[in-house]
Amino acid sequence: MLTAQQLVENAKKHITELNVTQTAKQLNQTEPYQIIDVREPDEFVQGHLPNAHNIPRGVLEFKIEEAVSNQSTPIVVYCQTGGRAALSAHALQTLGYTDVTSIEGGYEAWIAQHQPMLTI
């Protein structure tokens, strides 16, 4: 039986993780990226990336098509520290999304590097 950490490590072998600097550069390009925050709603309201859509990890596979119907749209996924985002990125690839990246270190790394964030 695998642990949750082993599942995350396995997912990371199959996805692309970008550090905060790489992600910020990618998001500043002209291409229309979709940013998906897979944390729970109470985490999202405390702070999130600008233009992020909140789709919690537990319902991602059921709700992603509402937010991103074109499977070739670039998607950036993040969570608090990177584990849920890695699992989510792998799930999105399994669903056929072709341009998915995850933020290495998640939201914690994003705010530690003083990147823009919003609260509700």
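Relevant structure appears above.
Reading the values: the criteria
- Residues numbered from 1 in each chain as written.
- Predicted model: local features only at pLDDT ≥ 70, side-chain atom pairs only at ≥ 80, totals over all residues.
- Heavy atoms only, no water.
- Core = buried A, V, L, I, M, F, W, Y, C linked by side-chain atoms within 4.5 Å.
- Buried < 20%, exposed > 50% of the residue type's maximum accessible area, 1.4 Å probe, protein only.
- Helix = DSSP H or I, 4+ residues; strand = E, 2+ residues; numbered from the N terminus.
- Contact = heavy atoms within 4.5 Å.
- Phe/Tyr/Trp six-rings, centres within 6.5 Å; stacked < 30°, edge-to-face > 60°.
- Lys NZ or Arg CZ within 6 Å of the ring centre and 35° of its normal.

### Quick notes on the nonpolar core
The tendency in soluble globular proteins is for nonpolar side chains to be buried side by side.
Link 1 in the chain: If you look at the biggest cluster of nonpolar residues, it comprises 18 residues, and the most contacted ones within it are I36, I64, I75 and L92.
Link 2 in the chain: Put simply, the parts of the chain that give this core at least two residues each are α1 (4-12), α4 (60-67), β4 (75-78) and α5 (83-94).
Link 3 in the chain: With sequence-adjacent residues up to four places away left out, L92 is seen in contact with L60, I64, I75, V77, Y97 and V100.
Link 4 in the chain: Core analysis: the second largest hydrophobic core is formed by 13 residues, F44, L49, V76 and I103 among them.

### What about the packing of aromatic side chains?
Link 1 in the chain: Applying the stated rule across the entire model yields one aromatic pair.
Link 2 in the chain: Consider the rings of Y78 and Y107, whose centres lie 6.2 Å apart with planes at 25°: the pair is stacked. One end of the pair, Y78, is in strand β4; the other, Y107, is in helix α6 (residues 106-112), with 29 residues separating them in the sequence. Assigned by exposure class, Y78 and Y107 land together as buried.
Link 3 in the chain: Cation over ring: R39 sits above Y107, and NZ or CZ is 4.4 Å from the ring centre.

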